[in-house]
Amino acid sequence: FQPKLLAGKRVLLTAGPTFEAIDPVRGITNLSSGKMGYAISRAAYEAGAQVTLVSGPVSLPCPVGVRRIAVTSALQMHATVHQQVAAHDVFIAVAAVADYRPAQVVEQKIKKRLQASPPSIELVANPDILGEVAALPSPPLCVGFAAESENLSEYAESKRRSKKIPLIVGNLIQDGFSGDCNTLILFDDDGAHPLPPAPKIDLARQLVARVALLLEKV
Ligand code: PMT
């Protein structure tokens, strides 16, 4: 039994990777199965929220009761989040968004030229979706994620400060990616709150409880 901690609330999430095309058959992407973000979508729905999930390319079914909008690139995710955000009370950015995309998408497949030197790809920065949402005049309660390979507390806290968000969820790359379990540390103004190793759905329910607590303080 899950208490309806988010009854009447509207939660917007991003999940999965983004895919930045180089040409019709190649691209740059990040690792993310979508499992963490999909688990949080499910937990938020179970807690009574109306849930919109903006999902990069993953092979997971849409959780029951959740409205999913499928996107591919960071620019599509950015545009979709901006279209949707005004109607939401909470924004949880779980996606592993590519920081850069090719400056140009080549229309035809790039042919391999023997003896020529390997081609180089010019990259441009993608917009910081979470940072922009947090800077809106009336932002929803913003929650970020940070996947790090070392110095988890320091790097997660520094992302929380730079994006000016009340809550960031830290996870280690070796724990967080692809599997069904994870280990999280929640960082907010009250300090660090470690959530021991558990299935992603259990951790998602604990995160939802923390979000509900923060909403009470807003
Ligand atoms: O999908 P799984 O296999 O279950 O794995 C889950 C996960 C490890 C991908 C997830 O738990 C996680 O940590 N996601 C965030 C990955 C990350 O390190 O993001 P970041 O440090 O690049 O970005 C920090 C925050 O800003 C994130 O909330 C991200 O969604 C957001 N961001 C980043 C860049 C960008 N251009 N726009 C953003 O909104």
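Residues numbered from 1 in each chain as written. Predicted model: local features only at pLDDT ≥ 70, side-chain atom pairs only at ≥ 80, totals over all residues.

Asks: Even after reading the chapter, I still don't get the overall build of the protein, so can you show me in this structure?
Replies: When you go through the protein residue by residue, the secondary structure sums to six helices and 12 strands. In terms of overall size, the protein behaves like a compact globule, its C-alpha atoms giving a radius of gyration of 18 Å where 218 residues would be expected to give roughly 17 Å. Viewed in the frame of its principal axes, the protein has a C-alpha envelope of about 65 × 35 × 35 Å. In the protein, which comprises 218 residues, the share counted as buried stands at 39%. In the protein, once contacts between residues fewer than 6 apart in sequence are set aside, the share between residues at least 24 apart is 62%. (Helix = DSSP H or I, 4+ residues; strand = E, 2+ residues; numbered from the N terminus. Rg over C-alpha atoms; globule rule 2.2 N^0.38 Å. Buried ≥ 20, exposed ≤ 12 C-beta atoms within 10 Å, placed from the backbone. Contact = placed C-beta atoms within 7 Å.)

Asks: Looking at this structure, I do not really get helix 2 (residues 74-84). What am I missing?
Replies: An α-helix turns once per 3.6 residues; consequently, residues spaced three or four apart project the same way. Those residues of helix 2 not exposed but buried are Ala74, Met77, His78 and Val81. One side of helix 2 holds all its buried residues, which, seen down the axis, span an arc of 100 degrees. On its buried face, helix 2 sits against strand 1 (10-15), strand 2 (19-23), strand 4 (50-55), strand 7 (100-102) and helix 3 (129-134). (Arc of directions from axis to C-beta.)

Asks: Can you help me understand the UniProt feature "binding site: CTP" (unreviewed entry) in the protein in this one?
Replies: Mapped onto the present numbering, the UniProt feature "binding site: CTP" (unreviewed entry) falls at Asp99, Lys109, Pro127, Asp128, Ile129, Leu130, Phe145, Lys159 and Lys163. For the annotated residues, spread through 65 residues, the largest C-alpha to C-alpha distance comes to 37.7 Å, inconsistent with a single compact locus. By the element assignment, Leu130 lies in helix 3. Contacts of Leu130, omitting those with residues within four sequence positions, involve Ala93, Cys142, Gly144, Lys163 and Ile165. Overall, Lys159 belongs to the partly exposed group, with 19 C-beta atoms counted inside 10 Å. In contact with Lys159, other than residues within four places in its own chain, are Gly144, Ala146 and Ile168. (UniProt positions renumbered as here; feature names shortened; annotations may be inferred.)

Asks: I keep staring at the site of the ligand and nothing clicks. Help me out?
Replies: Every one of the 27 residues lining the ligand counts as a neighbour, but Ala93, Ile129, Leu130, Ala147 and Gly176 are closest to it. If you list the elements that add at least two residues to the shell around the ligand, you get helix 1 (35-46), helix 3 and strand 9 (141-148). Of the residues contributing to the shell around the ligand, the split by class is 13 nonpolar, 10 polar and four charged. (Near = placed C-beta within 6 Å. Nonpolar A, V, L, I, M, F, W, Y, C, P; charged D, E, K, R; others polar.)

Asks: Would you take a moment to explain the nonpolar core for this structure?
Replies: Across soluble globular proteins, you tend to see nonpolar side chains buried next to one another. Ranked by size, the top nonpolar core spans 56 residues in total, and within it Ile40, Ala44 and Val208 carry the most contacts. Among the elements that take part in this core, helix 1 stands out by supplying seven residues, more than any other. (Core = buried A, V, L, I, M, F, W, Y, C linked by C-beta atoms within 7 Å.)

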